[in-house]
Structure formats: structure tokens, C-alpha cells
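# Coordinate analysis (summary)
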Amino acid sequence: REGPEVDLQTYRNIQEYVERLANSWGSSEFECEFPAEDHQPTDLVFLLGKISSPFCVQGEFKFGYYITKDEVLFKTSTLSALNITEILTECNESGFGRGTEAVMDPTVRKSYEIPASKLNTKTMESLAGNLKHSISSLARNLDLELRPYKLVIYQDGGHFDAHRDTVRGDGHIGTLVLILNSAYTGGELEITHNGQTEVVTGPYSWVAMYGDCLHKINPVTSGTRVSLIFDIYAKRVSINEHEFWHGGRDPEGEFGITDSNRAAILEGIEAVFTNNYGTLIICLAHMYPLNQAAPEFLKGGDRALYELLQDAY
């Protein structure tokens, strides 16, 4: 079914993949199913669509004994009192990735930044250590690490159009954004995935998200928005070392795979092969770079589905 809810690039990627399979198998006959208005509660594509998991987690940063608002961030700036003028003198214009190149285009992104290497190392490491415990629910099957990346400033008119993050190395799966204590309007961070959108704004608000999720910074309409960016890296954890749940079951229904849904999914898969189809292709909810195309890197609901299929087959 075509419509605004269907991502055109995703459709083209699927189409190209299916065409490659057709050429390799010497056949051009395929049947594709997409969610429809008149779906039945037992339709396989509908049941698979119910499998979900958080694509981002968010909260408000809490200062405590180990790190306070008075911690030095950059020269005379602390976490609660930013010297915007001083910071801007050290900033460079922000670029972004386009294919394999880094480009500058203020119509796409208009902001300024300072690399983490110029910020107070102790403060950045303390922030990363405190926030690490808050983001574990994003990917419970992975051992996560936060690495300081940069400070970013959006002034009046500053924005960043909808994009996905560039993968900066093996294990890089996402980004954490911590908004600092600065006065501004507009500048909301919007994260969209599978038809759902989360909005984050305000001082000391933070959000951790998968890098393949589409996200944007709305134009700042007044003031200055300052945020710290951390890269989220994941250590490989094998399927045997860590399981979401035993035997491919999801007892709390966290991923939409209740016992009844599990049975229905397996019945739907069996029906495909009963109808003499030789191959079943199930598209995952997330995208993965080639260096993470392995079961242990699967995210959330994708990992849950994999474990269900591994257990059943």
C-alpha cells in the first residue's frame, strides 16, 4: 500500500534486494505483503508489526554528589553557567555526512561546534559515567559505552534537517544528546521511527537514540541552544551469553511477543511454506551497517524476533 506512511527509500531498497534475489534464483515471481486498512488480527504482517521496542529513551539529568552544576565545562563556562560569547570564539561551523563525504550546507544544517577534546575531560567523563546507567534500557542485550563527541550550538535560525547518523566505527549504534542550561525557544529535537515521534527540549533534558532513527533539530526561534553530544558504542555480546528471555518467549509482553502472538506468528510462517513458497523475507525494524550485520548487534524488537525464530527453527 502506498501512502505518506511508507518510506520511499526503504521501499526502493527492498525492491532492489528482491530484484537481486530474482536474478540469482532465475525467477521473477514474488508475492509481497504490506499492512492494509482491512488487515485481520491473524495476518502475519500485522503480527510482525506488533513487535516493537524503544527506539529512544529520555529523561532529565540529575546532579548529585559525583557531579555538580558547578563543574567546569570549557574555560570559564560551567554546566550551569555558560559563557556563550567565549564558547562561540572557539567554535567551528558544523558539517554533516553526505555519502562518504563531509559537507557544509547551511540550508541543511546551521550550527557551530567544539570537539570534546577541547572540553574539560574530567567533566565529560563524569557525565558519561552518570548517564550510562540511565540508557541501559535502550539496548538490554548490549554492553553500552558513552564516548564524548562534541558541544553543539544552535543560534536564532539554527537547525538540522531530518537525517540519520553517520556510523563512526565498529560498535557505534547511536547518539546521546544532553541539552545544557541555556535560554532558547524552538530548537526541539524530534526523533521518528516506525511512525512514532518523540520530542525533546529544555535544559538538562537528555535523550539516547539509535543512529538509524530519523531525527532533526527544528529551527531555533530565539536565544541559543547548547547541547553535549555523546556517541553510544556497543560491545558484542553473543546470543549464548545473553538472552532476552528463555525459549523465545516474552513473558511480560515487552516486545509484543506474548505467548498467543508467538504461536500466531509461527502459524503464519508455517502457512507461507504450506502454500509452497520457498523463501520468506522479513524486513527488520532497524537498519544496520555492514560491520554490524550480525545477530549480536540486533536492536530491541529485531533481537526479540531473531531469538523467537532461532528457538522455533
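Heads up: the structure comes first, above all this text.
Below you will find a few notes about this structure. (Residues numbered from 1 in each chain as written. Predicted model: local features only at pLDDT ≥ 70, side-chain atom pairs only at ≥ 80, totals over all residues. Heavy atoms only, no water.)

## Some words on the pattern of salt bridges
As enumerated under the stated definition, the model contains seven salt bridges in all. Note that Asp 231 is salt-bridged to Arg 168, the shortest N-O span being 2.5 Å. Of the two residues, Asp 231 is situated in strand 18 (residues 225-235) and Arg 168 in the loop between strand 10 (159-163) and strand 11 (172-179); the sequence distance between them amounts to 63 residues. The exposure class of Asp 231 is buried, given its relative accessible area of 5%. Judged by relative accessible area, Arg 168 falls into the partly exposed class, the value being 32%. (Salt bridge = Lys/Arg side-chain N within 4 Å of Asp/Glu carboxyl O. Helix = DSSP H or I, 4+ residues; strand = E, 2+ residues; numbered from the N terminus. Buried < 20%, exposed > 50% of the residue type's maximum accessible area, 1.4 Å probe, protein only.)

## Quick look at the side chain of Asp 302
Assignment of secondary structure puts Asp 302 in helix 6 (residues 300-312). Put simply, Asp 302 is tucked away with no salt bridge, and the nearest opposite charge, on Lys 299, sits 7.3 Å away. Separated by 2.7 Å, the side chains of Asp 302 and Tyr 288 make a polar contact. Non-local contacts of Asp 302, meaning those with residues more than four positions away in its chain, are made with Leu 284, Ala 285, His 286 and Tyr 288. (Lys, Arg positive; Asp, Glu negative; His and termini not counted. Polar contact = N/O pair within 3.5 Å; in protein donor to acceptor, adjacent residues only side chain to side chain. Contact = heavy atoms within 4.5 Å.)

## With respect to the sheet that holds strand 8 (residues 112-115)
If you walk across this open sheet you meet the seven strands as 1-15-11-18-9-8-4, and the pairing is antiparallel. Strands at the two margins of the open sheet, each flanked by one partner only, are strand 1 (56-60) and strand 4 (92-93). Relative to strand 18, strand 11 is paired through seven bridges, and the arrangement is antiparallel. Bridging across to strand 18, Leu 176 finds its partner in Phe 230. (Pairing = 2+ DSSP bridges.)

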